[in-house]
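Per-entry structural report
Given next are the chains, with one letter for each unit.
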Amino acid sequence: MSKINIKDLARKVINDLKPYKTARDEYVENGNKMILLDANENPFQTEFNRYPDPNQISLKNSISKIKAISNSKIFLSNGSNEVFSLLMQIFCEPGLDNIIIFPPTFGMYEISAKINGININKIPLNRDFDFDTDIVNIINSFNSKIMFIPYPNNPTGNCFSESHVEMIIKKFNGLVVLDEAYVEFSEDKSFLPRIEKYKNLVITQTFSKAQGMAGIRLGMTFANEEIIEMLNKIRAPYNINSLTQRTALLKLKNQEEVKKEAKIILREKDRLIGHLKEFNFIQKVFPSDANFILIRVDNSSKRYNQLIKMNIVVRNTSNQFGCENTLRITVGLKSENDKLINALKKINEL
Ligand SMILES: Cc1ncc(COP(=O)(O)O)c(C=O)c1O
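Our subject in this report is the structure included herewith. (Residues numbered from 1 in each chain as written. Predicted model: local features only at pLDDT ≥ 70, side-chain atom pairs only at ≥ 80, totals over all residues. Heavy atoms only, no water.)

Lining the immediate environment of the ligand, one finds 13 residues, of which Asn154, Asp179, Tyr182, Thr206 and Ser208 sit closest. Take Asn81: an N or O atom from its main chain is 3.1 Å from an oxygen atom of the ligand. Between the ligand and the protein, one listed contact pairs an oxygen atom with a side-chain N or O atom of Asn154 at 2.7 Å. Contact with the protein chains removes 92% of the 400 Å² of surface that the ligand exposes when unbound. Assessed atom by atom at 2 Å from the grid points, the ligand resides in the second largest pocket. Looking at which element gives the most residues to the shell around the ligand, the answer is helix H4 (residues 79–91), with 3 residues. Broken down by class, the residue content of the shell around the ligand amounts to 4 nonpolar, 6 polar and 3 charged. (Near = heavy atom within 4 Å. Polar contact = N/O pair within 3.5 Å; in protein donor to acceptor, adjacent residues only side chain to side chain. Areas by Shrake-Rupley, 256 points an atom, 1.4 Å probe, with all protein chains shown as cover. 1 Å grid on protein atoms, 1.4 Å probe; cavity = no way out; pocket = protein on both sides within 12 Å on 5 of 7 lines; lining within 4 Å. Sits in = over half its atoms within 2 Å of the grid points. Helix = DSSP H or I, 4+ residues; strand = E, 2+ residues; numbered from the N terminus. Nonpolar A, V, L, I, M, F, W, Y, C, P; charged D, E, K, R; others polar.)

A few words now on the sheet that holds strand E1 (residues 74–77). Read from one edge of the open sheet, 7 strands run E1-E7-E6-E5-E4-E2-E3, paired in mixed fashion. Only two strands of the sheet have a single partner each, and these edge strands are E1 and strand E3 (119–122). Across this sheet, the average inter-strand angle for adjacent strands is 25°, counted without regard to direction. Summarising the sheet, strand E6 (residues 201–206) and strand E7 (residues 219–222) pair through 4 bridges and their orientation is antiparallel. Looking at the pairing, Ile203 lines up with Phe222 of E7. Against the sheet, helix H3 (residues 57–67) makes contact with E1, E6 and E7, and its axis sits at roughly 125° relative to E1, the strand it touches most. (Pairing = 2+ DSSP bridges. Axes fitted to C-alpha atoms, helices over the stretch in contact; angles between N-to-C directions. Contact = heavy atoms within 4.5 Å.)

Here is the structure:
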């Protein structure tokens, strides 16, 4: 068990904050049909004339069952992106505190830090996009409050070694945010069962990837109660709208479909990787635990533009640290992947 005191880690202003109470926070359904005259809503009934459940109880109950974690350890946000910023607001004093990121990494950590006036320490990954072996010796050198680890990593697609990540969580004197946005594509690697063991571990997952619900903007955060309470303190009231809550609840009832789709996507990924290795201008296909593949090509701008001309959009990741001449390809439907393979064949023959 980590010795970190979460309250000491948080900003004083947050510890002292008395949060806004929404009108519905005090209302506990007791089986009676209540007359709701508390929130200045329009009383004429439509599907949406009432505010949504501010605490998203039904949705959290459902997530709690699926993830085998109690409601009190779950926080919901407007996509994972929102919670990165909320965590910084809780733990990092603008202008004073700093976070750690490990480039190449997901771009939003740096952007959120900049928006919040928080300093950034970058510890680069090695040439294999893994942590250096001495990583645990340096993570406490900057007095950092939070570190962000996408697991699997984006844009590279690989998971870091499990024992390395666990060692980092054990040794780091701040919060470790393990961003498991792509976890359904490498389910056995999730750190969720370790939430009970490490007080400084925060896990984020999302409805945007394997769940197929990027449009509803819903992110899930799992952490100990102290951190969840702080997140609840500073979030906007009614932060998850009714449509999102309802749609997510329906989706959670159909996890078999999600598993089936993830399997198909992984099969398609293997097929794509097989083809990518055949083309001369593709110099390296990086290992992937996610639903995308990073490749190194001879000239990324040229190959990117050739694909655009053939109506195929991939991501040019070349401006990221250590990713010169790389492209990131999302695994699509079989028909889309076939078109990509044909396009790459044509490019190869030019
Ligand atoms: C590692 C990682 N985390 C988070 C996100 C964003 O998640 P959300 O759509 O829930 O904000 C992405 C999206 O690309 C991602 O790659």
